[in-house]
Amino acid sequence: MNLIRKLKLISADYYIELLICVALIALAFVLDSPTQIFSNYIKINISRSVLVTDYVALAGIGATLLNAAIQGLLGLILLIRSKTASRGIVLAAIFITIGFSLFGKNLFNTAPIVLGVWIYTKVKKIKFSEVSTTALFSGTIAPIVSEVAFLNEGFNPLNIIAAYAAGVFIGFIFPIIAESAKRMHQGYCLYNGGIAGGFISTFFVGALRSMGIEVLPEHFWDTSHTLFLAVFAYVLGTALIVYGLLKDKPVNALKKFMQLVNERDINNSDYLIKYGNTCYINIGIMCVAMTTVILILNIPINGPILGGILTVTGFAAAGKNPTNCLPIMFGSILAAHFNHLDLTASGNALSILFSLGLAPVCTKHGWICGIIVGFFHNSVAIFIGHLNGGMNLYNNGFAEGFVAITIVPLIIFVQGYFKKSKNNISDN
């Protein structure tokens, strides 16, 4: 009876994410044999996992889906055990955890970082639920653990100990840096964890390079599973839309959805709290829309690209919608035509998807400004990874921090200038 009572207290949102994880496990064992899956799952956990390590290319589709499901389930257990209330940012945290476990996060390299966040809560004497989502976002710097552990491409117990010590330390400081980063960009970047991870990983890589240890990015990039992964994304997106429509009268749901896409408040962008289950319509539409754009651009869907689609899907509960994302994506695609990379190259492909962390800029200042920041984001994102050698998985979030801190104040100045000039003309 106690178990039944506890299950009833768990939010329906968590059950939806649980079903996604179960579906990933089922698909894994349909696509690969158990022997292949488990041997390749170990391969994932002992890999460097730096950007860009597409686990599908490294270890096969089965092990990759299993890894994503395991990380998602562990994230859910963490949230439920800490009694974290369901809200938009919680959905975003789970979706980004599943997404980035397709190309960078695994049990080995995230465990010590989460432990470090837990120790932080004990030192500060706060409930873990206050930083539970931060603990999930802290996986952005998980490759640091893998890099130290497997520095010499062999098993060395001292390296493992050093890696876990480093992981606990960076997990401990992550909430502190993340809070500081939030004040810097003033809410104009949704990927706050990427900014914090960028600063931490840049310091770490700088220290290694100063000692003569070179840290280089990887480039595992699968191109052979586009059809299957596209179908998965479309089925997921459609199911979420249907769920959102069924949980309310369609007329009411569509009315709320129109209110959602016209949202202008960047300081309270929790769509799940504000609009309830109608939020799932937006989540599903964003999943379908992003998949469609990627296919139109002829970009292969693999671990990193599906991870990007799932990240957009999750943050559609916490600030993203079609009206504030499409102008930014257009700006990023436009910039991709001017740089030296092919449009479908990993740098451009990931930049186009992850540029949408700047959605609050478009929400607050309009679609023209959305195009502008999307354009500049691409220019920054494809090169900024060299600073941290691929150690920061949310590298685009780090780039967005630079854009938000530098470009947004200029936008505010120009808009203020023209507004003042217009008022002066009206007064005359």
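Criteria and thresholds
- Residues numbered from 1 in each chain as written.
- Predicted model: local features only at pLDDT ≥ 70, side-chain atom pairs only at ≥ 80, totals over all residues.
- Heavy atoms only, no water.
- 1 Å grid on protein atoms, 1.4 Å probe; cavity = no way out; pocket = protein on both sides within 12 Å on 5 of 7 lines; lining within 4 Å.
- Points joined across faces, edges and corners; volume = space filled by probe spheres on them.
- Nonpolar A, V, L, I, M, F, W, Y, C, P; charged D, E, K, R; others polar.
- Patch = residues over 30% accessible without salt bridge, like charges linked within 9 Å, V, L, I, M, F, W, Y side chains within 5 Å.
- Areas by Shrake-Rupley, 256 points an atom, 1.4 Å probe, with all protein chains shown as cover.
- Salt bridge = Lys/Arg side-chain N within 4 Å of Asp/Glu carboxyl O.
- Helix = DSSP H or I, 4+ residues; strand = E, 2+ residues; numbered from the N terminus.
- Contact = heavy atoms within 4.5 Å.
- Phe/Tyr/Trp six-rings, centres within 6.5 Å; stacked < 30°, edge-to-face > 60°.
- Axes fitted to C-alpha atoms, helices over the stretch in contact; angles between N-to-C directions.
- Parallel < 35°, antiparallel > 145°, perpendicular 65-115°, else oblique.
- Left-handed = near helix turned anticlockwise from the far one by under 90°.
- Core = buried A, V, L, I, M, F, W, Y, C linked by side-chain atoms within 4.5 Å.
- Buried < 20%, exposed > 50% of the residue type's maximum accessible area, 1.4 Å probe, protein only.
- Expected span 1.5 Å × (residues − 1).
- Polar contact = N/O pair within 3.5 Å; in protein donor to acceptor, adjacent residues only side chain to side chain.

Caption draft 1: Layout of empty space enclosed by the protein. Per the counting criterion, the structure on display carries one cavity of 30 Å³ or more. Approximately 60 Å³ is the volume found for the largest cavity. The wall of the largest cavity is formed by Leu190, Glu263, Asp265, Ile266, Ser269, Tyr271, Gly319, Asn324, Pro360 and Thr363. Tallied by class, residues from the lining of the largest cavity come to four nonpolar, four polar and two charged.

Caption draft 2: Highlighting a nonpolar patch on the surface. On the surface, Trp367, Ile368, Ile372 and Phe376 cluster together to form a nonpolar patch covering roughly 410 Å² of accessible area. Within the secondary structure, phenylalanine 376 sits in helix α20 (residues 367-388).

Caption draft 3: Quick look at the environment of glycine 60. By secondary structure assignment, the location of glycine 60 is in the loop between α4 (55-59) and α5 (61-81). For glycine 60 and serine 351, which are 291 residues apart along the polypeptide, the C-alpha to C-alpha distance reads 24 Å. With sequence-adjacent residues up to four places away left out, glycine 60 is seen in contact with Asp32 and Tyr55.

Caption draft 4: Summary view of the packing of aromatic side chains. Within this structure, the stated rule accounts for 16 aromatic pairs. Each ring, one from phenylalanine 398 and one from phenylalanine 402, has its centre 5.2 Å from the other, and the planes form 75 degrees; the classification is edge-to-face. A residue pair is termed a helical-turn pair when its members lie 3 or 4 positions apart in one helix, as phenylalanine 398 and phenylalanine 402 do in helix α21 (residues 395-427) at four residues. A network of ring pairs unites the aromatic residues Phe100, Phe103, Phe137, Tyr191, Phe315, Phe354 and Tyr394 as a single cluster.

Caption draft 5: Region of the structure containing the packing of helix α15 (residues 279-296) against helix α16 (residues 303-315). Look at α15 against α16: their axes get within 8 Å of each other, and the N-to-C directions meet at 150 degrees. Regarding the angle of α15 to α16, the classification is roughly antiparallel. Crossing of α15 against α16: the hand is right-handed. Taken together, the residues of α16 that come into contact with α15 (itself represented by Ile283, Met286, Cys287, Met290, Thr291 and Ile294) are Ile305, Ile309, Val312 and Thr313. For the contact of α15 with α16, the residue count by class is eight nonpolar, two polar and no charged.

Caption draft 6: Representation of the pattern of salt bridges within the structure. Here the structure, examined in full by the defined rule, presents five salt bridges. The salt bridge involving glutamate 218 is made with arginine 48; its shortest N-O contact spans 3.0 Å. With glutamate 218 in the loop between α11 (192-210) and α12 (226-246) and arginine 48 in the loop between α3 (34-45) and α4, this pair connects stretches of sequence that are 170 residues apart. Each of Arg48, Glu147 and Glu218 takes part in a single network of salt bridges with overlapping partners.

Caption draft 7: Broad picture of the nonpolar core. Membership of the largest hydrophobic core comes to 98 residues, with the highest contact counts inside it found for Ile305 and Leu353. Setting aside chain neighbours within four positions, we find leucine 353 in contact with Met290, Ile294, Ile305, Gly308, Ile309, Val312 and Met329. Membership of the second largest hydrophobic core comes to 23 residues, among which are Val145, Phe174, Ala196 and Val215.

Caption draft 8: Just the packing of α12 against α16, in detail. Two elements in contact, α12 and α16, have axes whose closest approach is 11 Å; the angle formed by their N-to-C orientations is 10 degrees. It follows from the interaxial angle that α12 and α16 lie roughly parallel. Taking contact as the criterion, the partners of Leu229, Phe232, Ala233, Leu236 and Leu240 in α12 are, on α16, Leu306, Leu310 and Thr313. Of the residues in the contact of α12 with α16, the class split is seven nonpolar, one polar and no charged.

Caption draft 9: Representation of the layout of surface pockets within the structure. Volume-wise, the largest pocket comes out at about 820 Å³. Mapped by element, the contributors of at least two residues to the lining of the largest pocket are α6 (88-100), α7 (107-124), α8 (132-137), α10 (157-185) and α11. A total of seven residues in the lining of the largest pocket trace back to one element, the largest contributor, which is α10. Considered class by class, the residues forming the lining of the largest pocket number 17 nonpolar, 10 polar and six charged. Each pocket or cavity is described by its volume, and for the second largest pocket that value is around 550 Å³. Along the walls of the second largest pocket sit 30 residues, with Val52, Gly347, Ala381, Ile382 and Asn395 positioned nearest its centre. Per-element accounting of the lining of the second largest pocket gives the leading share, seven residues, to α20. Residues that form the lining of the second largest pocket fall into these classes: 17 nonpolar, 12 polar and one charged.

Caption draft 10: Focus on unusual backbone geometry. For the bond from leucine 51 to valine 52, the omega torsion is -5 degrees, close enough to zero to count as cis. The residue valine 52 is located in the loop between α3 and α4 in this model. Phi at glutamine 186 is positive, roughly 55 degrees, even though this residue is not glycine. Residue placement: glutamine 186 occurs in the loop between α10 and α11. The exposed category is assigned to glutamine 186, whose relative accessible area is 56%. With a phi angle near 65 degrees, asparagine 298 is a residue other than glycine that sits in the positive phi range. Examined against the element boundaries, asparagine 298 turns out to sit in the loop between α15 and α16. Among the residues examined, asparagine 298 registers a relative accessible area of 63% and is labelled exposed.

Caption draft 11: Structural view of α7. Taking 1.5 Å of rise per residue, 18 residues should cover 26 Å, and α7 covers 26 Å from first to last C-alpha, within 8% of that figure. Those residues of α7 lying buried are Phe108, Asn109, Thr110, Pro112, Ile113, Gly116, Val117, Tyr120 and Thr121. Contacts made by the buried residues of α7 are with α3, α4, α5, α8, α9 (142-149) and α10. At the N-terminal end of α7, a side-chain oxygen is found 3.1 Å from the backbone nitrogen of phenylalanine 108, two or three residues along, and the residue is asparagine 106. Looking one or two residues beyond α7, the residue adopting positive phi is lysine 125, at roughly 60 degrees.

Interpretation note: all reported values are geometric properties and have no functional meaning in isolation.
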